[in-house]
Amino acid sequence: MDSAPLDADVRPATADDRLAVRRLLDAAVLAVDDVDERLAAGDVLVAVADGRVVGTVVLSPRESRGVRVAAIAVRRRRRGRGVGTALIERARENHGRLTAEFDADVRAFYESLGFTIEPATDENERFEGVLE
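Quick notes on the rules
Residues numbered from 1 in each chain as written. Predicted model: local features only at pLDDT ≥ 70, side-chain atom pairs only at ≥ 80, totals over all residues. Heavy atoms only, no water. Helix = DSSP H or I, 4+ residues; strand = E, 2+ residues; numbered from the N terminus. Contact = heavy atoms within 4.5 Å. Phe/Tyr/Trp six-rings, centres within 6.5 Å; stacked < 30°, edge-to-face > 60°. Buried < 20%, exposed > 50% of the residue type's maximum accessible area, 1.4 Å probe, protein only. Lys NZ or Arg CZ within 6 Å of the ring centre and 35° of its normal. Pairing = 2+ DSSP bridges. Core = buried A, V, L, I, M, F, W, Y, C linked by side-chain atoms within 4.5 Å.

Peer 1: Give a description of the environment of glycine 114 that names residues and reports values.
Peer 2: Tracing the chain through its elements places glycine 114 in the loop between α4 (107–112) and β6 (116–119). With 97 residues separating them along the chain, glycine 114 and aspartate 17 place their C-alpha atoms 29 Å apart. Non-local contacts of glycine 114, meaning those with residues more than four positions away in its chain, are made with Val130 and Leu131.

Shown next, in the form of structure tokens:
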């Protein structure tokens with residue numbers, strides 16, 4: 001992976017970012033049913049480089065458990081450059097406690113960010129993580 005420094009700015013997504021956010025999620029094969037509602041609520045962040053959305057995180061607030069990372073996606077060519085890390089860091093700055101449920105293939109990503117990870121109940125291939 002390329003270890004070049006982050007060259008993207010993280011900001012709240014706007015209505016104009018809707019298509020780019022959906023394309024990133026589709027490319028990562030991530031289904032998020034309420035993307036439009038999350039956009040309207042200000043619960044979507046994007047990383048932008050050279051005028052283009054290169055990463056996104058969709059958040060889903062939960063009253064007592066913090067904010068859940070519903071999905072995170074980064075353009076393949078931008079992976080390994082800190083885009084996903086910057087998105088999670090901004091989400092944590094904005095919301096505090098984060099939770100996530102994810103597959104084994106991205107466990108290392110969440111561990112590298114400091115999430116406390118446990119197996120999800122009833123599913124051996126899924127994990128739950130918390131970042132305080």
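Peer 1: Run through the packing of aromatic side chains, naming residues and quoting values.
Peer 2: With the rule as written, the count across this model stands at four aromatic pairs. Ring centres 6.4 Å apart and planes at 25° place the aromatic pair phenylalanine 102 and phenylalanine 127 in the stacked group. In this pair, phenylalanine 102 sits in strand β5 (residues 98–103) while phenylalanine 127 sits in strand β7 (residues 126–131), placing the two residues 25 residues apart along the sequence. Judged by its relative accessible area of 3%, phenylalanine 102 is buried. With 5.2 Å between their ring centres and 75° between their planes, phenylalanine 109 and tyrosine 110 make a pair best called edge-to-face. Classification of tyrosine 110 by relative accessible area gives buried; the value is 4%. Through a chain of ring-to-ring contacts, three or more aromatic side chains come together here, namely Phe102, Phe109, Tyr110, Phe115 and Phe127. Here the basic side chain of arginine 107 rests over the ring of phenylalanine 127, its NZ or CZ set 4.6 Å away from the ring centre.

Peer 1: I'd like a description of the pairing of strand β3 (residues 52–62), backed by residues and values.
Peer 2: Where burial is concerned, most of β3 is hidden: eight out of the 11 residues are buried. Where strand β2 (residues 44–49) and β3 come together, six bridges link them in antiparallel fashion. Within β3, the position partnered with alanine 47 by the bridge is glycine 55. Once β2 ends, the chain turns through two residues before running back antiparallel as β3, passing aspartate 50 with a positive phi of about 55°. Both β3 and strand β4 (residues 66–74) contribute to a ladder of eight bridges, which runs antiparallel. Its bridge partner being in β4, valine 57 is matched across the sheet by isoleucine 72.

Peer 1: Explain the nonpolar core residue by residue, including any values.
Peer 2: By size, the foremost hydrophobic cluster in this structure holds 26 residues, and its most contacted members are Val57, Val69, Leu87, Ile88, Tyr110 and Phe115. Those elements that provide at least two residues to this core are β2, β3, β4, α3 (83–95), β5 and β7. Ranked by residue count, the leading element in this core is α3, at five residues. Residue contacts for leucine 87: discarding those within four places in its chain leaves Val10, Leu45, Val46, Ala47, Gly55, Thr56, Val57 and Ile72. Formed by 14 residues, the second largest nonpolar core is a distinct cluster that contains Ala13, Leu24, Val46 and Ala73.

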